[in-house]
Amino acid sequence: MAPRPPKGTSAGPKLYEERRLELGRSFQDGGEHYDRVRPGYPADSADWLLPEGTRDAADIGAGTGKFTSLLVERGLTVSAVDPSTDMLTQLRKTYPQVIALEGTAEATGLADSAFDVVSVAQAWHWCDPLAASTEIARILRPHGVIGLIWNQLDTSVPWVHRLSRIMHAGDVHKPDFRPVVGPEFAGLESHLTRWEDPVTPADILELVKSRSYYLRANDATRAKVMGNLQWYLFEHLGHAQGEVIPLPYLTQSWRARKV
């Protein structure tokens, strides 16, 4: 079992180790769907994270390359690591210049002291934070930066708060959240970006299908979630098919330097 976080902190969803691994495995397949329906990240999150002079970056838990794209756009040499073959297949199609390897945050398979920055976007809560910190410190150069990034529904907006409850979304903003990192890192600081993702009701319905709660649910639970969501979007909120809805997000970015 992963070490428990210190009191008053959180490493993401409060799951027992077996449940955490079970949910994490739900992303092993469906890379094309995930890539199509999940939002990207605001450019501001990468600009804030990257130290001046960054040349080499590793994106861990890269999935289909949602955050990887920001690193590539900034002209960096990028290595991407993910445990899912299906996810990496999508990443390789879109970013053939990226070195893509199967691995985990706890065992990346990357070389010692090879990177200026290591990012983990939307994935740290699936990791053992202390073991992953040790591994990431190994592949970082002296004074390199670890970056932890989360897209989160902005539940300070009342309609989004109810939406998140219907979706059983775990990625909601919690003002007191602070990720656990190992003693290899110091100076943990955060940055918040507010933005909106233009989506249609159909996009929101598909987004739900990419989430761990839905992926691991039985058919009856899935039908109930979709029925409640259709009622909320079309009857309660009165949206029309094809209507563009600005969905409010917060992207919370954290960074710390290798000691």
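Residues numbered from 1 in each chain as written. Predicted model: local features only at pLDDT ≥ 70, side-chain atom pairs only at ≥ 80, totals over all residues. Heavy atoms only, no water.

K.L.:
Explanation requested: the overall build of the chain in the structure shown.
P.N.:
The helix and strand inventory of the chain stands at 10 helices and 7 strands. Expressed as a percentage of the 259 residues in the chain, the buried residues total 54%. The long-range share in the chain, meaning contacts at least 24 apart out of those at least 6 apart in sequence, stands at 76%. For the chain, the accessible surface area stands at approximately 12,200 Å², while carbon and sulfur atoms represent 52% of it. (Helix = DSSP H or I, 4+ residues; strand = E, 2+ residues; numbered from the N terminus. Buried < 20%, exposed > 50% of the residue type's maximum accessible area, 1.4 Å probe, protein only. Contact = heavy atoms within 4.5 Å. Areas by Shrake-Rupley, 256 points an atom, 1.4 Å probe, with all protein chains shown as cover.)

K.L.:
Got a minute to help me understand the pattern of salt bridges in this structure?
P.N.:
For side chains of opposite charge, pairing can occur when their charged atoms come near one another. One pass over the full model with this rule turns up 9 salt bridges. A salt bridge links D154 to R194; its shortest N-O distance comes to 3.2 Å. A residue pair is termed long-range when its members are at least 10 positions apart, and D154 in the loop between β5 (140-153) and α7 (158-167) and R194 in strand β6 (residues 185-199) qualify at 40 residues. The exposure class assigned to R194 is exposed, which follows from its relative accessible area of 58%. For K209, the salt bridge identified is with E206, shortest N-O distance 3.1 Å. On the basis of relative accessible area, K209 is assigned to the partly exposed category, the value being 28%. Sharing partners across several salt bridges, the network here consists of D47, E73 and R74. (Salt bridge = Lys/Arg side-chain N within 4 Å of Asp/Glu carboxyl O.)

K.L.:
Is there a simple way to explain the environment of I99 in this structure?
P.N.:
Mapped onto the elements of the fold, I99 is located in strand β3 (residues 99-102). With sequence-adjacent residues up to four places away left out, I99 is seen in contact with V78, S79 and A80.

K.L.:
Help me understand the confidence of the model for the chain, please; the structure alone is not making it clear to me.
P.N.:
Predicted confidence across the chain gives a mean pLDDT of 87, with 85% of residues reaching 70 or more. Counting interchain partners and residues more than four positions distant, the pLDDT-below-50 stretch residues 1-30 has 55 contacts. (pLDDT = per-residue confidence, 0-100.)

K.L.:
Sorry, what's going on with helix α8 (residues 201-208) here?
P.N.:
Among all positions in α8, only P201, I204, L205, L207 and V208 are buried. The arc that holds every buried residue of α8, seen down its axis, measures 160°, which confines them to one face. (Arc of directions from axis to C-beta.)

K.L.:
Teacher, can you tell me more about the sheet that holds strand β1 (residues 56-60) here?
P.N.:
Hydrogen bonds along the backbone pair up the strands of a sheet, which may run parallel or antiparallel. Strand order across the open sheet formed by 7 strands is β3-β2-β1-β4-β5-β7-β6, with mixed pairing between neighbours. Every other strand in the sheet has two partners, leaving β3 and β6 as the edge strands with one partner each. Within the sheet, the average angular offset between the axes of one strand and its neighbour, ignoring direction, is 20°. Contacts from helix α5 (residues 85-94) reach β2 (77-82) and β3 within the one sheet, and its direction differs from that of β3 by about 175°. α8 contacts β6 and β7 (245-258) of the sheet and is inclined by roughly 45° relative to β7. (Pairing = 2+ DSSP bridges. Axes fitted to C-alpha atoms, helices over the stretch in contact; angles between N-to-C directions.)

K.L.:
What's the story with the environment of Y41 in this structure? I'm lost.
P.N.:
Checked against the element boundaries, Y41 lands in the loop between α2 (31-37) and α3 (43-49). Note: C-alpha distance between Y41 and K66 (25 residues apart in sequence) is 6.9 Å. The contacts of Y41, once residues within four sequence positions are left out, are K66, F67, L70, A121, Q122, I149, N151 and T251. Here the side chain of Y41 touches Q122 through a polar contact of 3.4 Å, side chain to side chain. (Polar contact = N/O pair within 3.5 Å; in protein donor to acceptor, adjacent residues only side chain to side chain.)

K.L.:
Looking at this structure, I do not really get the nonpolar core. What am I missing?
P.N.:
The nonpolar side chains of soluble globular proteins are, as a tendency, buried together. Core analysis: the biggest nonpolar cluster contains 26 residues, and I60, F115, V118, W124, I136, L148 and F185 have the highest contact counts within it. Only β1, β4 (115-121), α6 (129-139), β5, β6 and β7 provide two or more residues apiece to this core. Not counting residues within four places of it along the chain, the set of residues in contact with F115 comprises D56, A57, A58, S79, L110, I139, L140 and R141. Counting 23 residues, the second largest nonpolar core, distinct from the first, contains L91, V98, A100 and I149. (Core = buried A, V, L, I, M, F, W, Y, C linked by side-chain atoms within 4.5 Å.)

K.L.:
Looking at this structure, how should I read the pairing of β4?
P.N.:
The side chains of a regular strand alternate between the sheet's two faces. Extensive coverage of β4 is indicated by the burial of 7 of its 7 residues. Sheet topology places β1 next to β4; 4 bridges connect them, and they run parallel. Bridging across to β4, A57 finds its partner in V117. Note that β4 and β5 share 6 bridges and pair parallel. Within β5, the residue paired with F115 across the bridge is L140. The handedness of the β4 to β5 crossover, carried by α6, is right-handed. (Right-handed = clockwise from strand over helix to strand, strands pointing away.)

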